Amino acid sequence: GAVVSQHPSWVICKSGTSVKIECRSLDFQATTMFWYRQFPKQSLMLMATSNEGSKATYEQGVEKDKFLINHASLTLSTLTVTSAHPEDSSFYICSARGETSEAYNEQFFGPGTRLTVL
Amino acid sequence: DAKTTQPPSMDCAEGRAANLPCNHSTISGNEYVYWYRQIHSQGPQYIIHGLKNNETNEMASLIITEDRKSSTLILPHATLRDTAVYYCIVRARGSQGNLIFGKGTKLSVKP
């Protein structure tokens, strides 16, 4: 089946620093990737939709200047949390929508990245 | 996408079948029923999906009522590793939008 990886799996940073999270589709091309955030004991909430080669579309209430998304290739999207604060501590999950015949239009999820801001 | 309703939690004895219900009374004709699960601190994992016929794969079975207003995910022999939050999502296949997650059902498999 289609595999999506994320790196790093966990990160601890100081308040005010920036953190980059990578999301890769390993065996298929993904023109669309989604970034979700999940706080403890809550469900996944969509932050933004990323299309290869174009600007990301952010959900209401998500600051585009704080959560920078780059989708430069069909297999890689990055999320950069700029000037991180403790309230940004969360579980960040990416998802990629497949474009191959096997994975056409199905959505596959990465393992998630646990961000802790001190 | 149609809204779904699931019980917030369920318990199941190890080795027994786990039957997780989902109501989707406003489902439309072109919408599929998808099931995902999320084990603690991991990303969601696809389990199964169906339109109107019952479906079975190596992980689970999906039973959809004739009127398609509800469905049941069956894990035939639950193990401790099946403890997770299970999400029922209805969505038109090929939809360009993202998957929308509700609160799901927290299944606890007990020894």
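Here goes a summary of the coordinates provided. Chains are numbered independently. Their residues run from 1 in the order of the written sequence. Here the convention is simple: chains get letters from A, ligands get numbers from 1, in the order in which they are written. Whole-chain, interface and lining totals are the exception, using all residues; otherwise, since this is a predicted model, local features are given only for residues with pLDDT of at least 70 and side-chain atom pairs are given and counted only at 80 or more. Computation of side-chain values covers all heavy atoms of the structure but excludes hydrogens and water.

**Here we look at the overall build of chain B**
And step 1. Starting at the N terminus, helices and strands are each numbered in turn, a helix being any DSSP run of H or I of at least four residues and a strand any DSSP run of E of at least two. The number of helices and strands found in chain B is zero helices and nine strands.
And step 2. The globule rule puts the C-alpha radius of gyration for 111 residues at 13 Å, and the 13 Å found for chain B is close to it.
And step 3. Each principal axis of the C-alpha atoms in chain B carries an extent, and together these give about 40 × 30 × 25 Å.
And step 4. Working definition: with a 1.4 Å probe on protein chains only, accessible area under 20% of the residue-type maximum means buried, over 50% means exposed, and in between means partly exposed. For chain B, buried positions account for 45% of its 111 residues. Throughout, the radius of gyration refers to the C-alpha atoms, and the reference size of a globule is 2.2 Å times the residue count to the power 0.38.

**A short note on the nonpolar core**
Nonpolar side chains tend toward joint burial in soluble globular proteins.
And step 1. Buried Ala, Val, Leu, Ile, Met, Phe, Trp, Tyr and Cys residues form a nonpolar core when they are joined through side-chain atoms within 4.5 Å. Among the nonpolar cores identified, the biggest contains 25 residues, and Val4(A), Trp35(A), Phe67(A), Leu79(A), Tyr92(A) and Leu115(A) are the most heavily contacted of them.
And step 2. Those elements giving two or more residues to this core turn out to be strand E2 (10-13), strand E3 (19-25), strand E4 (32-38), strand E5 (45-51), strand E7 (67-73), strand E8 (76-81), strand E9 (90-97) and strand E11 (113-117) of chain A.
And step 3. Of all hydrophobic cores here, the second largest spans 21 residues; its members include Ile48(B), Leu73(B), Ala84(B) and Val109(B).

**Observations regarding the sheet that holds E7(A)**
Residue and element names in this part refer to chain A.
And step 1. Spatially, four strands are ordered E1-E3-E8-E7 in an open sheet, and the strand pairing comes out antiparallel. The sheet is open, and its two borders are formed by strand E1 (4-7) and E7, each paired with just one other strand. On average, each strand axis in the sheet is inclined to that of its neighbour by 15°, with strand direction left out of account.
And step 2. Summarising the sheet, E7 and E8 pair through five bridges and their orientation is antiparallel. When the sheet's bridge partners are listed, Ile 69 is paired in E8 with Leu 79. The pairing criterion for strands is at least two bridges between them, as found by DSSP. Axis lines are fitted through C-alpha atoms, for helices just across the contact stretch, and the angle between N-to-C directions can take any value from 0 to 180 degrees.

**Here's the deal with the state of the cysteines**
And step 1. Cysteine sulfur atoms are paired as a disulfide whenever they come within 2.5 Å of each other. By the definition in use, this model includes two disulfides over all chains.
And step 2. In this model, Cys23(A) is linked to Cys94(A) through a disulfide, with the two sulfur atoms separated by 2.0 Å. The chirality of the disulfide connecting Cys23(A) with Cys94(A) is right-handed, given an S-S dihedral of about 75°. Remark: Cys94(A) occurs in strand E9 and Cys23(A) occurs in strand E3; sequence separation between them is 71 residues. Like Cys94(A), Cys23(A) is buried.
And step 3. Here Cys22(B) is linked by a disulfide to Cys88(B), with a sulfur-sulfur distance of 2.1 Å. Linking Cys22(B) and Cys88(B), the disulfide has an S-S dihedral of approximately -80° and is accordingly described as left-handed. Placement of Cys22(B) in strand E2 (residues 18-23) and of Cys88(B) in strand E8 (residues 84-92) is noted, with a sequence separation of 66 residues between them. We note that Cys22(B), like Cys88(B), is buried.
And step 4. Of all cysteine sulfurs, the one in Cys94(A) lies closest to Cys13(A), which takes part in no disulfide; the gap is 18 Å.
And step 5. Free of any disulfide, Cys12(B) has its nearest neighbouring cysteine sulfur in Cys22(B), separated by 18 Å.

**Observations concerning the packing of aromatic side chains**
And step 1. Two aromatic rings from Phe, Tyr or Trp, using only the six-membered ring of Trp, form a pair when their centres are within 6.5 Å; if the ring planes differ by under 30 degrees the pair is stacked, by over 60 it is edge-to-face, and anything between is tilted. For the coordinates displayed, the defined rule picks out 10 aromatic pairs over all chains.
And step 2. Here Tyr36(A) and Phe109(A) contribute two aromatic rings whose centre-to-centre distance is 5.8 Å and whose plane-to-plane angle is 45°, an arrangement assigned as tilted. Of this pair, Tyr36(A) sits in strand E4 while Phe109(A) is found in strand E10 (residues 107-109), placing the two residues 73 residues apart along the sequence.
And step 3. Tyr36(A) gets classed as buried once you look at its relative accessible area, which sits at 1%.
And step 4. Ring centres of Tyr36(A) and Phe101(B) lie 5.9 Å apart, and the angle between their planes is 90°; on these two criteria the pair is classed as edge-to-face. With Tyr36(A) in strand E4 and Phe101(B) in the loop between E8 and strand E9 (105-110), this pair bridges two chains.
And step 5. Here Phe101(B) falls in the buried class, since its relative accessible area comes to 7%.
And step 6. Pairwise contacts between aromatic rings join Tyr36(A), Phe109(A), Tyr36(B), Tyr46(B), Tyr87(B) and Phe101(B) into one cluster.
And step 7. Counted as over-ring charges are cases with an Arg CZ or a Lys NZ within 6 Å of the ring centre that also lie within 35 degrees of the ring normal. A cation over an aromatic ring shows up here: Lys66(A) above the ring of Phe67(A), its NZ or CZ 5.9 Å from the ring centre.

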